[in-house]
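Residue-level structure breakdown
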Amino acid sequence: MSRFRYVKALCGLVVFTAIPRYQEPGPLRGFSAAGSRAEREWEAKLRNIPSTDSMRSYLKRLSARPQHLGSAYGRDNVDWLVRLFTSWGLDAKIETFDVLFPTPKERVLELIAPNRYVAKLREPPVPGDQSSTQQSEQLPTYHAYSTDGDVTGPLVFVNYGVPADYEQLDRLGISVKGAIVIAKYGGSWRGIKPKVAAEHGAIGCLIYSDPADDGFGPGDVYPKGPYRPADGVQRGSVADMPLYSGDPATPGVGATKAAKRLPLAEIQTITKIPVLPISYGDAQPLLAALGGPIAPAQWRGGLPLTYKVGPGPARVHLKLAFNWNTVPANDVIVRIPGTDAADQWVVRGNHRDGWVNGAQDPLSGLIAEMEELRGLATLLKQGWKPRRTIIYAAWDGEEQGLLGSTEWVETHARELQDHVVAYINSDVNARGFFEAGGSHTLERFVNDVVRDIDDPESGMSVWKRRRLANLSSARSARERSEIRNRPDLRISALGSGSDFTPFLQYAGIASLNIGFGGEDGNGIYHSIYDNFEHFTRFNDSSYVYGKALAQTSATMVMRLAQADVLPYHFVAFAETIGQYLDQLKELWTTRRDEITERNREIDEGVFRATNDPTRPLAAPARQAVPPSLNFAPLENAVAALRESAERYEAALAKADLSAGNRADLNQILLKAEHLLTSPDGLPRRTWYKHQIYAPGFYTGYGVKTIPGVREAIEQGYWKEAEENVTKVADRLSAFGAEVDRAAGMLK
């Protein structure tokens, strides 16, 4: 309520001037009123510390030379980081693991018919870009964990190389058996493409970046603009990470010197066929030599040619050989001891290794993390003391398959499960909008934090700018209505692709992945052009979004470290699980209808109509229409969980958070996420323990929610789907029981 001061003007009129009464913000979630006041004061001090000049200097130093896993400059950066953190008064150490890291010793790609073309397989320097000239230190263009191979065969264009594309090829009467396939980047994670190709009988796989996706289609190419030039290549790992992440030779075990390693021939995550990334400059002559039917309209890219599918007359020779070496992965670990709750830990991480210089990926996130650490070190000198222990990490070997983080988690899994309240991850960061994904028990927490952070360009809160962006991109009136009326913005579920994976999906630790982006050009991903020159021109030129990330993440760390009661919110989680259940029901209905329609087409002979009437295609086998799937166990578990979540909220609202030590309560809350995991993991990939979030078996980075049920329906394993309905319902019931137990302790 406002009060008014009355002022009588000389003219006899009365003017009312409103003087707003100051209203102190309400208590932060999980804090007492007094604790909230103290926390906000320290947060205000922290947010004034991160410096854009410091971040620019860090980036210039860290990205000065190629600094991939096992490189000399990568080790130099590790030592420099430890010295720097130590000079701030922090306890910084190096933890080393020995990991498998193949590098190429031979790469040959040539078109041998109907004409000859030898692929360059090389990214040339760009005038004015000093970093791109460091040829002797750059990793060649290749895919890590491709198998060795020497193959020759007809070429077939498979669009993005995902399962749906092979279904389209079946309809065209085209087989890839005995062929080398060429796929566009996009549509799925790169490692899925050789996996699916091998399942269909292909003997080799090429992956290229089509200019319609990240070249001259979306904008000017580097150096004029931010997008991929004709000879730019996206390196990357193609290990079958949906089976497990980390060192391929030590699944489920930390890759210490004493670890038992699998022989090369027994490693499941190495590809079954050789695979190589190429530029669209090298792809063009290959695609131009293809005959066969015209590619479907949605398959065609931006090259100046008629996209055809093949096979023939194009024939390709691909030869790859690798050095299968073991190299050190060096994680930098910084520990800030807690006080009265020191046995509970908040962990924050960002990887530091790049495929080449790696300015945007990953150093744009690391420099923000560094300024967070400097900020916390400054507060420590001013008398601030965290209740909980804080651990910061700069991971190594992320690019090859989350090696540094996974080996650290596998090595320390038991103690991490006993002590870690949450893991906060970042990776690439740039100009744009705030993005967050993670455990939905932390959704309210994320919203509360970003309401308090100012967007550096608009001046409004980060939360409000994200909300406006969501409204502008909403695809329906229903979606817009939810954005306007729901108190919190939704965070996304996490699949894989960065260092949160071992924490969340293996160890069952509540996790977040955060960052800014969306208003920059990222057409130089995993190339030699991802360097200081490109980043400073096109990504976050003033480094203000690096500062915003530092402010956001540091605030999250501080609140988690200081809260009287850990700020999980179970209502949002229960609501989200209800949405996932609705999606599963819809998916089952869709799959049943698809199978019914496919059987009808088989009966009518539709699959015999091919592009070559003289060579009819044998019809695929009919599939059994799926039986009814009983979702009742999940429905009951979700309904009970909603009630438990509401009881907890009611108890928290009435609780006196200033009274007494809440160690027992917080320990229950800390371990709640673990109850969503299962020791035997997911079907056919036991490393992934979480029953709510996992990377898809055929999507890689892309998430599958309630994956045991969802993927069983997608793949037609009906009995398995029913078994997993019960399994997930049991996990949700156990989770809900712990929420009830926590509510009882609050009373």
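Per chain, residue numbering runs from 1 following the sequence as it is written. Since the coordinates come from a predicted model, pLDDT governs what is reported: local features require at least 70, and pairs of side-chain atoms require 80 or more to be given and counted, while whole-chain, interface and lining totals use all residues. Each side-chain value is worked out from all heavy atoms of the structure, with water and hydrogens disregarded.

Looking at the overall build of the protein
Only DSSP runs of H or I with at least four residues qualify as helices, and only runs of E with at least two residues qualify as strands; both kinds are numbered from the N terminus onward. Helix and strand counts for the protein stand at 21 helices and 18 strands. For 747 residues, the compact-globule estimate of 2.2 N^0.38 gives 27 Å, and the protein sits close to it at 27 Å. Along the three orthogonal principal directions, the C-alpha set of the protein runs to about 95 × 75 × 65 Å. Contact criterion: two residues are considered in contact whenever any of their non-hydrogen atoms come within 4.5 Å of each other. Taking all contacts inside the protein whose residues are at least 6 apart in sequence as the whole, residues at least 24 apart take part in 78%. As displayed, the protein offers around 28500 Å² of accessible surface, 52% of which is attributable to carbon and sulfur atoms. A positive count includes Lys and Arg, and a negative count includes Asp and Glu. His and the chain ends are not counted in either. For this purpose, a charge sits on NZ of Lys, CZ of Arg, CG of Asp or CD of Glu. Charged side chains in the protein number 86 positive and 89 negative. The centres of these two groups are separated by 3 Å. The reference for a compact globule is 2.2 Å times residues^0.38; the radius of gyration itself is calculated from the C-alpha atoms. Residue burial considers only the protein chains on display, and all accessible areas are found by Shrake-Rupley using a 1.4 Å probe.

With respect to the packing of helix α2 (residues 52-62) against helix α8 (residues 359-381)
Between two packed helices, the angle of one axis relative to the other and the distance separating the axes together describe the packing. Axis separation between α2 and α8 bottoms out at 9 Å; the angle between their running directions is 135°. Put simply, α2 runs oblique to α8. The chirality of how α2 crosses α8 is right-handed. The segment α2 lies against α8, with Ser54, Met55, Tyr58, Leu59 and Leu62 engaging Ala359, Leu363, Ser364, Leu366, Ile367, Ala368, Met370, Glu371 and Arg374. Lines fitted to C-alpha atoms define the axes, with helix axes restricted to the stretch in contact, and inter-axis angles between N-to-C directions lie between 0 and 180 degrees. Should an angle fall under 35 degrees it is called roughly parallel, over 145 degrees roughly antiparallel, and 65 to 115 degrees roughly perpendicular, with every other angle called oblique. Each crossing is labelled by how the near helix is turned from the far one, with a counterclockwise turn of less than a right angle marking it left-handed and a clockwise turn marking it right-handed.

Looking at the packing of helix α3 (residues 72-87) against α8
Taken N-terminus to C-terminus, the directions of α3 and α8 make an angle of 25°; their axes are 11 Å apart at the nearest point. The angle between α3 and α8 falls in the class roughly parallel. The two elements α3 and α8 meet at a crossing, and its hand is right-handed. Judged by residue contacts, Trp80, Leu81, Leu84 and Phe85 of α3 engage Leu366, Met370 and Leu373 from α8. When its residues are assigned to classes, the contact of α3 with α8 shows seven nonpolar, no polar and no charged. Charged residues are taken to be Asp, Glu, Lys and Arg, nonpolar residues to be Ala, Val, Leu, Ile, Met, Phe, Trp, Tyr, Cys and Pro, and polar residues to be all remaining types, Gly included.

Let's talk about the layout of surface pockets
Buried and open spaces are told apart on a 1 Å grid over the protein atoms alone, a cavity being a set of points where a 1.4 Å probe fits but cannot get out and a pocket being an open set with protein on both sides within 12 Å along at least five of seven lines. Residues with an atom within 4 Å of a point are the lining residues. Grid points are joined across faces, edges and corners, and a volume is the space filled by probe spheres set on the points. If you add up the space inside the second largest pocket, you get close to 1200 Å³. In terms of lining, the second largest pocket is formed by 36 residues, of which the most central are Pro163, Ala164, Glu167, Arg591 and Glu714. Element by element, the count of residues in the lining of the second largest pocket is highest for helix α17 (residues 570-604), at eight residues. Class assignment of the residues belonging to the lining of the second largest pocket gives a composition of 13 nonpolar, nine polar and 14 charged.

Focus: the packing of aromatic side chains
Pairing of aromatic side chains here covers Phe, Tyr and the six-membered ring of Trp, requires ring centres within 6.5 Å, and sorts the geometry by plane angle: under 30 degrees stacked, over 60 edge-to-face, intermediate tilted. Taken as a whole, this structure holds 25 aromatic pairs when the rule is applied. Arranged with centres 6.1 Å apart and planes meeting at 40°, the rings of Tyr142 and Phe322 form a pair that is tilted. Of this pair, Tyr142 sits in the loop between β4 (117-118) and β5 (143-144) while Phe322 sits in strand β11 (residues 315-336), placing them 180 residues apart in sequence. Each residue's exposure class comes from its accessible area (1.4 Å probe, protein chains only) as a fraction of the maximum for that residue type: buried when under 20%, exposed when over 50%, partly exposed otherwise. The exposure class assigned to Tyr142 is buried, which follows from its relative accessible area of 0%. The class of Phe322 is buried, set by a relative accessible area of 4%. Here Trp395 and Trp408 contribute two aromatic rings whose centre-to-centre distance is 5.3 Å and whose plane-to-plane angle is 55°, an arrangement assigned as tilted. Taken together, the residues span a long stretch of sequence, with Trp395 in strand β13 (residues 388-395) and Trp408 in helix α9 (residues 403-411) at a distance of 13 residues. Neither residue differs from the other here; Trp395 and Trp408 are each classed as buried.

Examining empty space enclosed by the protein
Using the criterion set out here, one finds six cavities of 30 Å³ or more in the structure. In this structure, the largest cavity occupies an estimated 90 Å³ of space. Around the largest cavity sit Leu682, Pro683, Arg684, Arg685, Phe697, Pro707, Gly708, Glu711, Ala712, Gln715 and Glu720, which together line it. The greatest single-element share of the lining of the largest cavity, amounting to five residues, is contributed by helix α20 (residues 707-715). Looking at side-chain class alone, the lining of the largest cavity contains five nonpolar, two polar and four charged residues. Counted as a void, the second largest cavity has a volume near 60 Å³. Surrounding the second largest cavity, Leu28, Arg29, Phe31, Phe445, Asp448, Arg559 and Pro567 form its lining. The class makeup of the residues in the lining of the second largest cavity is four nonpolar, no polar and three charged.

With respect to the pairing of strand β10 (residues 275-278)
On β10, burial covers both faces: Val275 and Pro277 on one face and Leu276 and Ile278 on the other are all buried. Here the rule is simple: two strands pair whenever DSSP picks up at least two bridges between them. Bridge count for strand β8 (residues 204-208) against β10 is four bridges, and the pairing is parallel. When the sheet's bridge partners are listed, Cys205 is paired in β10 with Val275.

Some details on the environment of Pro25
Within the secondary structure, Pro25 sits in the loop between β2 (14-19) and α1 (33-47). By relative accessible area, which is 39% here, Pro25 ends up partly exposed. Sequence spacing of Pro25 and His690 is 665 residues, and the spatial spacing of their C-alpha atoms is 37 Å.

A word on the pattern of salt bridges
Any Lys or Arg side-chain nitrogen found within 4 Å of a carboxyl oxygen on Asp or Glu counts as a salt bridge. This model, assessed by the stated rule, comprises 45 salt bridges. Of the charged contacts, one joins Glu43 and Arg47 as a salt bridge, the two residues approaching to 2.7 Å between their closest N and O atoms. Here the residue Glu43 and the residue Arg47 both occupy positions in helix α1, the gap between them amounting to four residues, near one helical turn. The same class applies to Glu43 as to Arg47, namely buried. Here Arg466 makes a salt bridge to Glu435, at a shortest N to O gap of 2.7 Å. Here Glu435 lies in strand β15 (residues 432-438) and Arg466 lies in helix α12 (residues 462-473), a separation of 31 residues in the sequence. Arg466 sits in the buried class, given a relative accessible area of 14%. A residue is classified by how much of its surface remains accessible, and Glu435, at 43% relative accessible area, is partly exposed. Several salt bridges share partner residues, and in doing so they unite Arg40, Glu43, Arg47, Asp452 and Arg559 into one network.

Here's the deal with α12
Compared with the 16 Å implied by 1.5 Å per residue over 12 residues, the 17 Å span of α12 between its first and last C-alpha is a close match. Those residues of α12 that sit buried are Val462, Trp463, Arg465, Arg466, Arg467, Ala469 and Leu471. Residues of α12 that are buried sit in contact with β15, α11 (443-450), α13 (477-485), β16 (511-518) and α16 (544-562). To estimate the expected span of a helix, subtract one from its residue number and multiply by 1.5 Å.

Section: the side chain of Asn539
With respect to the helices, strands and loops of the structure, Asn539 is situated in the loop between α15 (532-538) and α16. A 3.5 Å cut-off defines polar contacts: any pair of N or O atoms within that distance qualifies, except that in protein one atom must be a possible hydrogen donor and the other a possible acceptor, and neighbouring residues in sequence count only when both atoms are side-chain atoms. In terms of polar contacts, Asn539 uses its side chain to reach the side chain of Asp520, at 3.1 Å. Separated by 3.4 Å, the side chains of Asn539 and His534 make a polar contact.

Remarks on α8
Its 23 residues give α8 an end-to-end C-alpha distance of 31 Å, which sits within 8% of 33 Å, the value for a rise of 1.5 Å per residue. The element α8 is largely enclosed, with a buried count of 19 among its 23 residues. Just downstream of α8 lies Gly383, where phi reads positive at about 110°.

Notes on the nonpolar core
The definition of a nonpolar core used throughout is a set of buried Ala, Val, Leu, Ile, Met, Phe, Trp, Tyr and Cys residues joined through side-chain atoms within 4.5 Å. Of all hydrophobic cores here, the largest spans 223 residues; its most connected members are Leu109, Tyr208, Leu287, Tyr648 and Leu732. If you tally residues by element for this core, the top one is helix α21 (residues 718-746), at 11 residues. Excluding anything up to four places from it in sequence, Leu732 contacts Phe573, Ile577, Leu634, Ala637, Val638, Leu641, Leu676 and Ile692.

Here we look at the side chain of Asp530
Structurally, Asp530 is set in the loop between β16 and α15. The buried charged residue Asp530 lacks any salt bridge partner; its closest oppositely charged side chain belongs to Arg228, at an N-O distance of 9.1 Å. Reaching out from Asp530, the side chain makes a polar contact with the backbone nitrogen of Gln360 at a distance of 2.6 Å. Sequence-distant contacts of Asp530, defined by excluding residues within four places in its chain, comprise Asn357, Gly358, Ala359, Gln360, Asp361 and Ile524.

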